[in-house]
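Listed below are the residues making up each chain.
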Amino acid sequence: MERNAVNPVSWSVEMGFNQGEVVSGHSRTLYISGQTAMSKEGKPEHDGDMAAQMALAVDNIEAVLSEAGMTLSNLVRLNVYTTDVDLLFQHYGVLAGRLGAARVAPTTTMLGVTRLAITGQMIELEGTAVA
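Residues numbered from 1 in each chain as written. Predicted model: local features only at pLDDT ≥ 70, side-chain atom pairs only at ≥ 80, totals over all residues. Heavy atoms only, no water.

Draft legend 1. Quick look at the pattern of salt bridges. Taken as a whole and judged by the stated rule, the model has 2 salt bridges. Note that aspartate 59 is salt-bridged to arginine 98, the shortest N-O span being 2.7 Å. With aspartate 59 in helix H2 (residues 50-67) and arginine 98 in helix H4 (residues 92-101), the pair connects residues that are 39 residues apart, well separated along the chain. Of the residues examined, aspartate 59 reaches a relative accessible area of 35% and is grouped as partly exposed. (Salt bridge = Lys/Arg side-chain N within 4 Å of Asp/Glu carboxyl O. Helix = DSSP H or I, 4+ residues; strand = E, 2+ residues; numbered from the N terminus. Buried < 20%, exposed > 50% of the residue type's maximum accessible area, 1.4 Å probe, protein only.)

Draft legend 2. Broad picture of the sheet that holds strand S5 (residues 107-112). With mixed pairing, the 4 strands of this open sheet are ordered in space as S3-S6-S4-S5. At either margin of the open sheet sits one strand with a lone partner, and together these are strand S3 (29-35) and S5. This sheet shows a mean twist of 10° between the axes of neighbouring strands, independent of strand direction. In this structure, strand S4 (residues 75-82) lies alongside strand S6 (residues 123-130), joined through 7 bridges in antiparallel fashion. By the bridge assignment, leucine 75 is partnered in S6 with alanine 129. Where H4 meets the sheet, it contacts S4, S5 and S6, and its direction lies at approximately 170° from that of S4. (Pairing = 2+ DSSP bridges. Axes fitted to C-alpha atoms, helices over the stretch in contact; angles between N-to-C directions. Contact = heavy atoms within 4.5 Å.)

Draft legend 3. Structural context of H2. An ideal rise of 1.5 Å per residue puts 26 Å on 18 residues; H2 measures up with 26 Å between its terminal C-alpha atoms. Within the span of H2, buried status applies to Met50, Ala52, Gln53, Met54, Leu56, Ala57, Val58, Asn60, Ile61 and Leu65. Where the residues of H2 are buried, they touch S3, S4, helix H3 (85-90), H4 and S6. Capping the start of H2, aspartate 49 holds a side-chain oxygen 3.3 Å from the backbone nitrogen of alanine 51, two or three residues further along. Of the residues one or two after H2, glycine 69 is the one with positive phi, at around 75°. (Expected span 1.5 Å × (residues − 1). Polar contact = N/O pair within 3.5 Å; in protein donor to acceptor, adjacent residues only side chain to side chain.)

Dropping the structure here:
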């Protein structure tokens, strides 16, 4: 698989994401459903704790990737939904650090939403990965 970043501007790279990516030579695409701070038993975790919810949502993204034989480095698209954009920005380093450690800067969209499906959840991540 070959990835080529498309960045007509540079400010997004400094924030940890590319404006676009051209992916070629891949053979598999994984579409990842929204992942929140849910335990393996399907129980919501970390009510009111954005940083902990973010960390667990990333863990859950990684679990789906791993089950498909992929890692965060295969992530080419990430959608971030949050009930509190300002609070998310205070804890965005949790996500940015994990992506940076994987040496990946997927195209990213962040949206503020009124609520998520599970009461108390403040962050949901969905993505697309290629291998």
